[in-house]
Amino acid sequence: MLDNVRIVLINTFHPGNIGSAARAMKTMGLSHLYLVDPEQHPSPQSESMAAGAKDVLAGATVVGTLQEAIADCSVVIGTSARSRSLSLPQLSARQCGEQVAREATSNQVALVFGRETMGLHNDEIQQCNYHVYIPANPEYPVLNLAAAVQLLSYELYIASCDFSTDAQPAPELPENRELTYFYEHLEQTLEKVGFIIANHPGQTMAKLRRLFNRARPEKTELNILRGILSRIQQNASTREQNQGE
Ligand code: SAH
(Lines give C-alpha, C1' and ligand atoms only; values in the text may rest on other atoms or scores of the structure.)
Protein backbone atom coordinates (compact mmCIF):
# COMPACT_ATOMS: atom_id res chain seq x y z
CA MET A 1 0.00 0.00 0.00
CA LEU A 2 2.75 2.49 0.98
CA ASP A 3 4.28 1.78 -2.42
CA ASN A 4 1.26 3.48 -4.04
CA VAL A 5 1.86 6.75 -2.19
CA ARG A 6 4.12 9.55 -3.37
CA ILE A 7 5.30 12.73 -1.69
CA VAL A 8 5.36 15.76 -4.01
CA LEU A 9 7.38 18.83 -3.01
CA ILE A 10 6.67 21.96 -5.03
CA ASN A 11 9.40 24.45 -5.83
CA THR A 12 11.34 23.77 -2.61
CA PHE A 13 13.78 26.59 -1.86
CA HIS A 14 16.13 25.06 0.74
CA PRO A 15 17.82 21.87 -0.49
CA GLY A 16 18.25 20.83 3.16
CA ASN A 17 14.45 20.52 3.38
CA ILE A 18 14.46 18.10 0.43
CA GLY A 19 17.02 15.89 2.18
CA SER A 20 15.14 16.05 5.50
CA ALA A 21 11.88 15.18 3.73
CA ALA A 22 13.55 12.13 2.11
CA ARG A 23 14.74 10.99 5.55
CA ALA A 24 11.29 11.56 7.08
CA MET A 25 9.76 9.46 4.29
CA LYS A 26 12.16 6.54 4.62
CA THR A 27 11.66 6.27 8.38
CA MET A 28 7.94 5.82 7.69
CA GLY A 29 8.28 3.32 4.84
CA LEU A 30 7.69 5.72 1.92
CA SER A 31 10.06 5.84 -1.04
CA HIS A 32 8.52 7.76 -3.95
CA LEU A 33 9.63 11.39 -3.93
CA TYR A 34 8.64 13.85 -6.68
CA LEU A 35 10.28 17.25 -6.92
CA VAL A 36 8.44 19.89 -8.93
CA ASP A 37 10.86 22.54 -10.16
CA PRO A 38 13.21 22.43 -7.12
CA GLU A 39 15.44 25.48 -6.60
CA GLN A 40 18.55 23.30 -6.28
CA HIS A 41 18.82 19.57 -6.92
CA PRO A 42 20.97 17.54 -6.52
CA SER A 43 22.99 19.31 -3.84
CA PRO A 44 25.49 18.43 -1.10
CA GLN A 45 23.15 20.00 1.47
CA SER A 46 20.21 17.75 0.65
CA GLU A 47 22.54 14.71 0.60
CA SER A 48 23.83 15.49 4.03
CA MET A 49 20.35 16.05 5.51
CA ALA A 50 19.05 12.82 3.91
CA ALA A 51 21.54 10.78 6.04
CA GLY A 52 20.49 7.13 5.60
CA ALA A 53 17.82 8.01 3.02
CA LYS A 54 20.17 8.92 0.16
CA ASP A 55 18.52 6.19 -1.91
CA VAL A 56 15.14 7.97 -1.68
CA LEU A 57 16.83 11.22 -2.71
CA ALA A 58 18.72 9.59 -5.59
CA GLY A 59 15.51 7.97 -6.82
CA ALA A 60 13.55 11.26 -6.77
CA THR A 61 11.67 12.14 -9.96
CA VAL A 62 12.15 15.76 -11.04
CA VAL A 63 9.37 17.35 -13.11
CA GLY A 64 8.41 20.86 -14.20
CA THR A 65 4.78 21.02 -13.08
CA LEU A 66 2.41 19.55 -10.52
CA GLN A 67 0.30 18.21 -13.38
CA GLU A 68 3.20 15.99 -14.50
CA ALA A 69 3.84 14.78 -10.95
CA ILE A 70 0.23 13.62 -10.48
CA ALA A 71 -0.74 12.52 -14.02
CA ASP A 72 -1.17 8.87 -12.97
CA CYS A 73 -2.64 9.61 -9.51
CA SER A 74 -6.31 9.18 -8.63
CA VAL A 75 -6.24 10.86 -5.25
CA VAL A 76 -4.41 14.15 -4.70
CA ILE A 77 -4.16 15.64 -1.23
CA GLY A 78 -2.85 19.18 -0.81
CA THR A 79 -1.35 20.29 2.50
CA SER A 80 -1.60 23.79 3.89
CA ALA A 81 -0.98 25.58 7.14
CA ARG A 82 -4.10 27.62 6.49
CA SER A 83 -7.14 26.03 8.11
CA ARG A 84 -10.54 26.15 6.40
CA SER A 85 -9.51 28.82 3.92
CA LEU A 86 -9.37 26.53 0.89
CA SER A 87 -12.42 25.49 -1.11
CA LEU A 88 -11.72 21.78 -0.59
CA PRO A 89 -12.98 19.23 1.92
CA GLN A 90 -10.59 19.41 4.87
CA LEU A 91 -9.00 16.43 6.63
CA SER A 92 -6.97 16.38 9.82
CA ALA A 93 -3.59 14.64 9.75
CA ARG A 94 -5.14 11.56 11.35
CA GLN A 95 -8.10 11.41 8.97
CA CYS A 96 -5.65 11.82 6.09
CA GLY A 97 -3.65 8.78 7.26
CA GLU A 98 -6.80 6.65 7.47
CA GLN A 99 -8.17 7.80 4.13
CA VAL A 100 -4.89 7.31 2.28
CA ALA A 101 -4.36 3.85 3.84
CA ARG A 102 -7.78 2.84 2.46
CA GLU A 103 -7.60 4.45 -0.99
CA ALA A 104 -4.00 3.50 -1.72
CA THR A 105 -5.05 -0.18 -1.77
CA SER A 106 -6.44 0.40 -5.31
CA ASN A 107 -5.14 3.83 -6.38
CA GLN A 108 -2.02 5.96 -6.71
CA VAL A 109 -2.13 8.73 -4.10
CA ALA A 110 -0.14 11.99 -3.96
CA LEU A 111 0.50 14.11 -0.87
CA VAL A 112 1.45 17.57 -2.11
CA PHE A 113 3.55 20.07 -0.12
CA GLY A 114 3.94 23.76 -0.91
CA ARG A 115 6.76 26.28 -0.99
CA GLU A 116 8.45 27.36 2.26
CA THR A 117 7.47 30.97 1.64
CA MET A 118 4.12 30.85 -0.11
CA GLY A 119 2.64 27.37 0.25
CA LEU A 120 0.52 26.18 -2.68
CA HIS A 121 -0.72 28.44 -5.49
CA ASN A 122 -4.43 28.55 -6.34
CA ASP A 123 -4.08 26.61 -9.58
CA GLU A 124 -2.27 23.87 -7.64
CA ILE A 125 -4.98 23.73 -4.97
CA GLN A 126 -7.55 23.31 -7.75
CA GLN A 127 -5.82 20.09 -8.79
CA CYS A 128 -6.34 18.55 -5.34
CA ASN A 129 -9.28 16.51 -4.02
CA TYR A 130 -8.67 17.26 -0.33
CA HIS A 131 -6.85 19.69 1.89
CA VAL A 132 -5.00 18.46 4.97
CA TYR A 133 -4.35 20.76 7.87
CA ILE A 134 -2.11 19.55 10.69
CA PRO A 135 -3.84 20.85 13.79
CA ALA A 136 -1.38 23.19 15.52
CA ASN A 137 -1.07 26.31 17.67
CA PRO A 138 -3.54 28.77 16.07
CA GLU A 139 -1.11 31.61 16.78
CA TYR A 140 1.63 29.89 14.75
CA PRO A 141 0.54 26.71 12.94
CA VAL A 142 3.28 26.78 10.26
CA LEU A 143 5.50 23.71 10.51
CA ASN A 144 8.82 23.35 8.76
CA LEU A 145 8.24 21.62 5.41
CA ALA A 146 10.12 18.41 6.34
CA ALA A 147 8.41 18.33 9.76
CA ALA A 148 5.03 18.42 7.98
CA VAL A 149 6.18 15.55 5.72
CA GLN A 150 7.29 13.60 8.81
CA LEU A 151 4.01 14.05 10.61
CA LEU A 152 1.75 13.08 7.72
CA SER A 153 3.99 10.13 6.82
CA TYR A 154 3.83 8.99 10.46
CA GLU A 155 0.03 9.14 10.52
CA LEU A 156 -0.06 7.15 7.29
CA TYR A 157 2.39 4.57 8.65
CA ILE A 158 0.32 4.08 11.82
CA ALA A 159 -2.92 3.84 9.81
CA SER A 160 -1.30 1.30 7.47
CA CYS A 161 -0.27 -0.86 10.47
CA ASP A 162 -3.88 -0.79 11.74
CA PHE A 163 -5.42 -1.33 8.32
CA SER A 164 -7.12 -4.70 8.05
CA THR A 165 -6.28 -6.59 4.88
CA ASP A 166 -9.80 -8.11 5.05
CA ALA A 167 -11.35 -4.67 4.53
CA GLN A 168 -13.12 -4.08 1.20
CA PRO A 169 -10.64 -2.66 -1.34
CA ALA A 170 -11.35 0.97 -2.27
CA PRO A 171 -13.08 1.50 -5.64
CA GLU A 172 -10.82 2.14 -8.61
CA LEU A 173 -10.76 5.85 -9.42
CA PRO A 174 -9.71 7.43 -12.73
CA GLU A 175 -6.18 8.77 -13.00
CA ASN A 176 -5.68 12.51 -13.11
CA ARG A 177 -4.85 12.41 -16.83
CA GLU A 178 -8.11 10.53 -17.56
CA LEU A 179 -10.00 13.27 -15.75
CA THR A 180 -8.15 15.85 -17.87
CA TYR A 181 -9.30 14.04 -21.05
CA PHE A 182 -12.84 13.98 -19.65
CA TYR A 183 -12.79 17.74 -19.00
CA GLU A 184 -11.55 18.35 -22.56
CA HIS A 185 -14.32 16.12 -23.91
CA LEU A 186 -16.91 17.91 -21.74
CA GLU A 187 -15.72 21.35 -22.88
CA GLN A 188 -15.81 20.34 -26.57
CA THR A 189 -19.32 18.96 -26.13
CA LEU A 190 -20.60 22.05 -24.30
CA GLU A 191 -19.16 24.19 -27.12
CA LYS A 192 -20.72 21.99 -29.78
CA VAL A 193 -24.20 22.27 -28.29
CA GLY A 194 -23.72 26.01 -27.72
CA PHE A 195 -23.78 25.94 -23.92
CA ILE A 196 -20.42 27.70 -23.76
CA ILE A 197 -18.71 29.79 -26.41
CA ALA A 198 -15.21 28.76 -27.51
CA ASN A 199 -12.52 31.09 -26.08
CA HIS A 200 -15.12 32.70 -23.78
CA PRO A 201 -15.99 29.86 -21.43
CA GLY A 202 -16.35 32.09 -18.33
CA GLN A 203 -16.34 30.23 -15.03
CA THR A 204 -18.43 27.26 -16.22
CA MET A 205 -15.55 24.83 -16.77
CA ALA A 206 -13.79 25.80 -13.52
CA LYS A 207 -17.03 25.22 -11.61
CA LEU A 208 -17.69 21.89 -13.34
CA ARG A 209 -14.13 20.77 -12.62
CA ARG A 210 -14.66 21.57 -8.97
CA LEU A 211 -17.93 19.64 -8.96
CA PHE A 212 -16.34 16.49 -10.43
CA ASN A 213 -13.25 16.77 -8.24
CA ARG A 214 -15.57 16.85 -5.25
CA ALA A 215 -17.81 14.04 -6.47
CA ARG A 216 -14.79 11.87 -7.36
CA PRO A 217 -16.48 9.59 -9.92
CA GLU A 218 -15.21 6.04 -10.10
CA LYS A 219 -13.49 4.77 -13.26
CA THR A 220 -16.62 2.97 -14.48
CA GLU A 221 -18.80 6.05 -13.80
CA LEU A 222 -16.44 8.27 -15.77
CA ASN A 223 -16.66 5.85 -18.70
CA ILE A 224 -20.47 6.20 -18.67
CA LEU A 225 -20.17 10.01 -18.66
CA ARG A 226 -17.77 9.88 -21.62
CA GLY A 227 -20.18 7.58 -23.45
CA ILE A 228 -22.97 10.11 -22.90
CA LEU A 229 -20.78 12.96 -24.21
CA SER A 230 -19.88 10.96 -27.34
CA ARG A 231 -23.56 10.29 -28.01
CA ILE A 232 -24.47 13.98 -27.56
CA GLN A 233 -21.69 14.95 -29.99
CA GLN A 234 -22.87 12.37 -32.56
CA ASN A 235 -26.47 13.61 -32.33
CA ALA A 236 -25.38 17.24 -32.63
CA SER A 237 -23.33 16.36 -35.75
CA THR A 238 -26.28 14.49 -37.31
CA ARG A 239 -28.56 17.45 -36.64
CA GLU A 240 -26.01 19.84 -38.21
CA GLN A 241 -25.83 17.60 -41.32
CA ASN A 242 -29.63 17.40 -41.59
CA GLN A 243 -29.93 21.16 -41.29
CA GLY A 244 -27.27 21.57 -43.99
CA GLU A 245 -29.20 19.39 -46.45
N1 SAH B 1 3.85 30.52 4.39
C2 SAH B 1 3.30 29.32 3.88
C3 SAH B 1 3.69 28.16 4.77
C4 SAH B 1 4.56 27.26 4.10
S5 SAH B 1 5.17 25.99 5.15
C6 SAH B 1 1.80 29.42 3.81
O7 SAH B 1 1.26 30.41 4.21
O8 SAH B 1 1.14 28.50 3.32
C9 SAH B 1 5.64 24.83 3.90
C10 SAH B 1 4.67 23.72 3.66
O11 SAH B 1 4.63 22.85 4.79
C12 SAH B 1 3.23 24.12 3.40
O13 SAH B 1 3.02 24.54 2.09
C14 SAH B 1 2.53 22.80 3.71
O15 SAH B 1 2.72 21.93 2.61
C16 SAH B 1 3.33 22.27 4.90
N17 SAH B 1 2.74 22.68 6.19
C18 SAH B 1 3.30 23.48 7.13
N19 SAH B 1 2.49 23.60 8.22
C20 SAH B 1 1.39 22.86 7.96
C21 SAH B 1 0.18 22.55 8.67
N22 SAH B 1 -0.08 23.06 9.89
N23 SAH B 1 -0.72 21.73 8.09
C24 SAH B 1 -0.50 21.20 6.86
N25 SAH B 1 0.61 21.45 6.14
C26 SAH B 1 1.55 22.26 6.67
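Because the structure is a prediction, the values reported are computed rather than measured.

What counts, and at which threshold
Residues numbered from 1 in each chain as written. Predicted model: local features only at pLDDT ≥ 70, side-chain atom pairs only at ≥ 80, totals over all residues. Heavy atoms only, no water. Domains from an automatic or database assignment. Contact = heavy atoms within 4.5 Å. Buried area = accessible area lost by both parts, 1.4 Å probe. Salt bridge = Lys/Arg side-chain N within 4 Å of Asp/Glu carboxyl O. Polar contact = N/O pair within 3.5 Å; in protein donor to acceptor, adjacent residues only side chain to side chain. Helix = DSSP H or I, 4+ residues; strand = E, 2+ residues; numbered from the N terminus. Nonpolar A, V, L, I, M, F, W, Y, C, P; charged D, E, K, R; others polar. Phe/Tyr/Trp six-rings, centres within 6.5 Å; stacked < 30°, edge-to-face > 60°. Buried < 20%, exposed > 50% of the residue type's maximum accessible area, 1.4 Å probe, protein only. Pairing = 2+ DSSP bridges. Axes fitted to C-alpha atoms, helices over the stretch in contact; angles between N-to-C directions. Core = buried A, V, L, I, M, F, W, Y, C linked by side-chain atoms within 4.5 Å.

Draft legend 1. Structural view of the domain arrangement of the protein chain. Along its sequence, the protein chain is organised into domain 1 (2-162) and domain 2 (176-244). Domain 1 and domain 2 are separated by 32 Å when their C-alpha centres are compared. Facing 16 residues of domain 1, the contacting portion of domain 2 comprises 6 residues. Between domain 1 and domain 2, roughly 800 Å² of surface is buried when both sides are summed, and carbon and sulfur atoms account for 36% of that area. The largest share of the area that domain 1 buries against domain 2 comes from Ala71, Ser87 and Asn129, three residues that together contribute 41% of it. Here domain 1 is connected to domain 2 by 1 salt bridge. Linking arginine 216 and glutamate 103 is a salt bridge whose minimum nitrogen-to-oxygen distance equals 2.6 Å. Taken together, the connections running from domain 1 to domain 2 amount to 7 residue pairs in polar contact (both at pLDDT 80 or more). Every element with two or more residues in the side of domain 1 that touches domain 2 is listed here: β4 (75-79) and α5 (93-103). Residues that form the side of domain 1 that touches domain 2 fall into these classes: 7 nonpolar, 7 polar and 2 charged.

Draft legend 2. Main features of the packing of aromatic side chains. Applying the stated rule across the entire model yields 2 aromatic pairs. When the centroid spacing of 5.7 Å and the interplanar angle of 50° are considered together, the rings of phenylalanine 182 and tyrosine 183 count as tilted. Judged by its relative accessible area of 7%, tyrosine 183 falls in the buried class. Taken together, a centroid distance of 5.0 Å and an interplanar angle of 85° make the contact between phenylalanine 182 and phenylalanine 212 edge-to-face. Taken together, the positions of phenylalanine 182 in helix α8 (residues 176-192) and phenylalanine 212 in helix α9 (residues 204-215) put the pair 30 residues apart, joining distant regions of the chain.

Draft legend 3. Region of the structure containing the pattern of salt bridges. One pass over the structure, following the stated rule, counts 9 salt bridges. Ionic pairing is found between aspartate 72 and arginine 6, a salt bridge with its closest N-O pair at 2.8 Å. A residue pair is termed long-range when its members are at least 10 positions apart, and aspartate 72 in the loop between α4 (66-69) and β4 and arginine 6 in strand β1 (residues 5-10) qualify at 66 residues. What makes arginine 6 buried here is its relative accessible area of 4%.

Draft legend 4. Up close: the sheet that holds strand β2 (residues 32-36). Pairing is parallel in the open sheet, where 7 strands are placed in the order β3-β2-β1-β6-β4-β7-β5. One side of each edge strand has no neighbouring strand; the edge strands of this open sheet are β3 (61-63) and β5 (90-92). Geometrically, the sheet is characterised by an average inter-axis angle of 25° between neighbouring strands, direction not taken into account. Both β1 and strand β6 (residues 109-113) contribute to a ladder of 5 bridges, which runs parallel. Note that in β6 the partner of arginine 6 across the bridge is alanine 110.

Draft legend 5. View of the nonpolar core. Counting residues in each nonpolar core, the largest one holds 39 residues, and the members touching the most others are Ile7, Leu9, Leu33, Ile77, Val100, Phe113 and Val149. The element contributing the most residues to this core is helix α7 (residues 145-162), with 7 residues. With 16 residues, the next largest nonpolar core counts Ile10, Leu66, Leu120 and Cys128 among its residues.

Draft legend 6. Local environment of unusual backbone geometry. Across the junction of histidine 41 and proline 42, the peptide omega takes the value -5°, indicating a cis bond. Mapped onto the secondary structure, proline 42 falls in the loop between β2 and α2 (44-50). In this structure, alanine 51 takes a positive phi of about 50° despite not being glycine. Mapped onto the secondary structure, alanine 51 falls in the loop between α2 and α3 (54-58). For alanine 51, a relative accessible area of 28% corresponds to the partly exposed category. Non-glycine residue arginine 216 carries a positive phi angle of around 50°. As for its position among the elements, arginine 216 is in the loop between α9 and α10 (219-244). For arginine 216, a relative accessible area of 14% corresponds to the buried category.

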